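# Reading the structure
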Amino acid sequence: MTEIRFGWSPILFECDVPVNETGQAMEEDEPIGLDERTLRCGKPAPYSIGEKVVCRDHFLLACDLMLLHGQEIIGELEVEW
């Protein structure tokens with residue numbers, strides 16, 4: 001089993017998830033190829049998955065892809081602070 005570390009910080013960074021020109025990383029439940037995702041999301045990123053800082057949208061998307069309850073994880077992370 002792989003351990004995944006989640007985090008939250010009051011210090012906001014920019015989301016570094018690669019996106020396409022319309023700001024998307026996924027299309028019809030499939031990832032868009034990295035060659036088409038030439039931009040960075042750039043939204044405020046208070047969450048982290050491992051070492052990667054991400055915005056709320058991409059945090060929830062990643063949790064969904066891992067079959068985890070993202071809203072519950074967010075609630076737990078924010079309560080810890």
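So, here's what we can say about the structure. Predicted model, so just to flag it, every value in this text is computed and none were measured. (Residues numbered from 1 in each chain as written. Predicted model: local features only at pLDDT ≥ 70, side-chain atom pairs only at ≥ 80, totals over all residues. Heavy atoms only, no water.)

In this section: helix 1 (residues 56–65). The set of residues buried in helix 1 consists of His-58, Phe-59 and Cys-63. Down the axis of helix 1, the buried set is contained in an arc of 140°. They therefore lie on one face. Opposite the packed face of helix 1, turned more than 90 degrees from it, sit the exposed residues Asp-64 and Leu-65. Looking one or two places after helix 1, you find Leu-67, whose phi comes out positive at around 60°. (Buried < 20%, exposed > 50% of the residue type's maximum accessible area, 1.4 Å probe, protein only. Helix = DSSP H or I, 4+ residues; strand = E, 2+ residues; numbered from the N terminus. Arc of directions from axis to C-beta.)

In space, the three strands of this open sheet follow the order 1-6-7, with antiparallel pairing throughout. Here the strands that pair on one side only, and so sit at the sheet edges, are strand 1 (6–14) and strand 7 (52–54). Geometrically, the sheet is characterised by an average inter-axis angle of 35° between neighbouring strands, direction not taken into account. Pairing of strand 1 with strand 6 (residues 44–49) involves five bridges; the strand directions are antiparallel. Bridge pairing in strand 6 places Gly-7 opposite Ser-48. Contacts from helix 1 reach strand 1, strand 6 and strand 7, with the element oriented near 25° to strand 6. (Pairing = 2+ DSSP bridges. Axes fitted to C-alpha atoms, helices over the stretch in contact; angles between N-to-C directions. Contact = heavy atoms within 4.5 Å.)

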